Amino acid sequence: MRFPAEKITLKDGREAVLRLPEVADAAEMVDCLKQLCSETPFLLRSAEEFSMTVEEEAALFEKLAASSEKLYIICTVGGEIAGSCSLSCSLRQKIQHRASIGISVLKRFWGLGLGSAMFAAMEKTARGQGITQLELGHMGSNVRAHQLYLRMGFTEYGRCPNAFRQPSGVFEDEVLMYKSLTD
């Protein structure tokens, strides 16, 4: 999918850029993903499970650039990758009105408005693609994310019990949310 680079102003006055990743970003993105996996328990993989190489990430960026079903953008602050967001659509006729959205932001950039800006950019792109429903799931204990999703207009519609097992052995529900884009 196409995405024109977009500049935003953060709550602290700094400028950030939302843009498509380039192959040259692969090494920094791998480092960013490793850090994300180590600083929050709310991602699907732990730091120990992260094994993507720079070459694999670069190949993924090339594949995504040619995709009509997936969009992946990064957010940079001062030239440094601060987070990323993805939108996954389907070409299947019965579900092509729906898209899944995902987001991650490095902890030191929390609270600056990056998440809201990335969601707004993805929603605008989704609307342009004819998407009428955005969907996401998150770990039940991720209260901070849940509050962001509610502010962005998402509604909880269900839970999948014991969907995640933390390394400590504790199980967590997956909270399922959606946002209608037809309102």
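Higher on the page you've got the structure.
Presented here is an overview of the structure given in this document. (Residues numbered from 1 in each chain as written. Predicted model: local features only at pLDDT ≥ 70, side-chain atom pairs only at ≥ 80, totals over all residues. Heavy atoms only, no water.)

### Concerning the overall build of the chain
Reasoning step 1: Within the chain, the regular secondary structure consists of four helices and eight strands.
Reasoning step 2: Listed N to C, the secondary structure of the chain is β-β-α-α-β-β-β-α-β-α-β-β in terms of helices and strands.
Reasoning step 3: Dimensions of the chain, computed from the C-alpha atoms along their principal axes, are close to 40 × 40 × 35 Å.
Reasoning step 4: Counting across all 183 residues of the chain, residues that qualify as buried make up 42%.
Reasoning step 5: Taking as baseline every contact in the chain between residues at least 6 positions apart, the subset at least 24 positions apart corresponds to 59%.
Reasoning step 6: Approximately 10100 Å² of the chain is accessible, and the part contributed by carbon and sulfur atoms is 51%.
Reasoning step 7: Across the chain, the 21 positively charged side chains and the 23 negatively charged ones have centroids separated by 5 Å. (Helix = DSSP H or I, 4+ residues; strand = E, 2+ residues; numbered from the N terminus. Buried < 20%, exposed > 50% of the residue type's maximum accessible area, 1.4 Å probe, protein only. Contact = heavy atoms within 4.5 Å. Areas by Shrake-Rupley, 256 points an atom, 1.4 Å probe, with all protein chains shown as cover. Lys, Arg positive; Asp, Glu negative; His and termini not counted. Charge placed at Lys NZ, Arg CZ, Asp CG, Glu CD.)

### Comments concerning the sheet that holds strand E1 (residues 6–9)
Reasoning step 1: Taken together, eight strands build an open sheet; the order of strands is E1-E2-E3-E4-E5-E6-E8-E7 and the sheet is mixed. At either end of the open sheet lies a strand with only one pairing partner, and these are E1 and strand E7 (155–165). Averaged over all adjacent pairs, the angle separating strand axes in this sheet is 25°, with direction ignored.
Reasoning step 2: By the bridge criterion, four bridges tie strand E2 (residues 15–19) to strand E3 (residues 70–77) in an arrangement that is antiparallel. What sits directly across from Val-17, in E3, is Thr-76. (Pairing = 2+ DSSP bridges. Axes fitted to C-alpha atoms, helices over the stretch in contact; angles between N-to-C directions.)

### A word on the nonpolar core
Reasoning step 1: If you look at the biggest cluster of nonpolar residues, it comprises 52 residues, and the most contacted ones within it are Leu-18, Leu-87, Leu-114 and Phe-154.
Reasoning step 2: Those residues in contact with Leu-18, other than ones at most four positions away along the chain, are Phe-3, Pro-4, Ala-5, Glu-6, Ile-8, Ile-73, Ile-74, Cys-75, Ala-117, Met-118 and Ala-121. (Core = buried A, V, L, I, M, F, W, Y, C linked by side-chain atoms within 4.5 Å.)

### Here's the deal with helix H4 (residues 143–151)
Reasoning step 1: For H4, the full list of buried residues reads Ala-145, His-146, Leu-148 and Tyr-149. The buried side chains of H4 occupy one side of the element, clustering within an arc of 160° when seen end-on.
Reasoning step 2: Gly-153, located one to two residues past H4, shows a positive phi value of around 95°. (Arc of directions from axis to C-beta.)

### Focus: the packing of aromatic side chains
Reasoning step 1: This structure, assessed with the given rule, holds five aromatic pairs.
Reasoning step 2: On the numbers, 5.5 Å between centres and 70° between planes, the contact of Phe-119 with Tyr-149 is edge-to-face. Of this pair, Phe-119 sits in helix H3 (residues 114–128) while Tyr-149 sits in helix H4, placing them 30 residues apart in sequence. Taken individually, Phe-119 and Tyr-149 each receive the classification buried, so the pair is uniform in this respect.
Reasoning step 3: Centroid distance Tyr-157 to Tyr-178: 5.9 Å. Interplanar angle 65°. Geometry classified as edge-to-face. Within this pair, whereas Tyr-157 is found in strand E7, its partner Tyr-178 is found in strand E8 (residues 171–180), the two being separated by 21 residues in sequence.
Reasoning step 4: A relative accessible area of 29% places Tyr-178 in the partly exposed class.
Reasoning step 5: A connected cluster of aromatic rings, assembled from ring pairs, spans Phe-119, Tyr-149 and Phe-154. (Phe/Tyr/Trp six-rings, centres within 6.5 Å; stacked < 30°, edge-to-face > 60°.)

### Considering the side chain of Asp-25
Reasoning step 1: With respect to the secondary-structure elements, Asp-25 resides in the loop between E2 and helix H1 (26–39).
Reasoning step 2: Taking the relative accessible area as the measure of exposure, Asp-25 reaches 9% and is therefore buried.
Reasoning step 3: A polar atom in the side chain of Asp-25 sits 2.8 Å from the side chain of Arg-19.
Reasoning step 4: The contacts of Asp-25, once residues within four sequence positions are left out, are Arg-19, Phe-61, Ile-74 and Ile-81. (Polar contact = N/O pair within 3.5 Å; in protein donor to acceptor, adjacent residues only side chain to side chain.)

### Let's talk about unusual backbone geometry
Reasoning step 1: One non-glycine residue, Asn-162, lies in the positive phi region at around 55°.
Reasoning step 2: Mapped onto the fold, Asn-162 is located in strand E7.

### Overview of helix H2 (residues 54–65)
Reasoning step 1: Taking 1.5 Å per residue, twelve residues should reach 16 Å; H2 reaches 17 Å between its end C-alpha atoms and fits that length.
Reasoning step 2: Of the residues making up H2, those classed as buried are Glu-57, Ala-58, Phe-61 and Leu-64. The arc that holds the buried residues of H2, viewed along the axis, is 125°, so those residues lie on one side. Away from its buried face, by an angle of more than 90 degrees, H2 presents the exposed residues Glu-55, Glu-62 and Lys-63.
Reasoning step 3: Buried residues in H2 make contact with H1 and E3. (Expected span 1.5 Å × (residues − 1).)

Everything listed is a geometric property; what it means functionally is a separate question.
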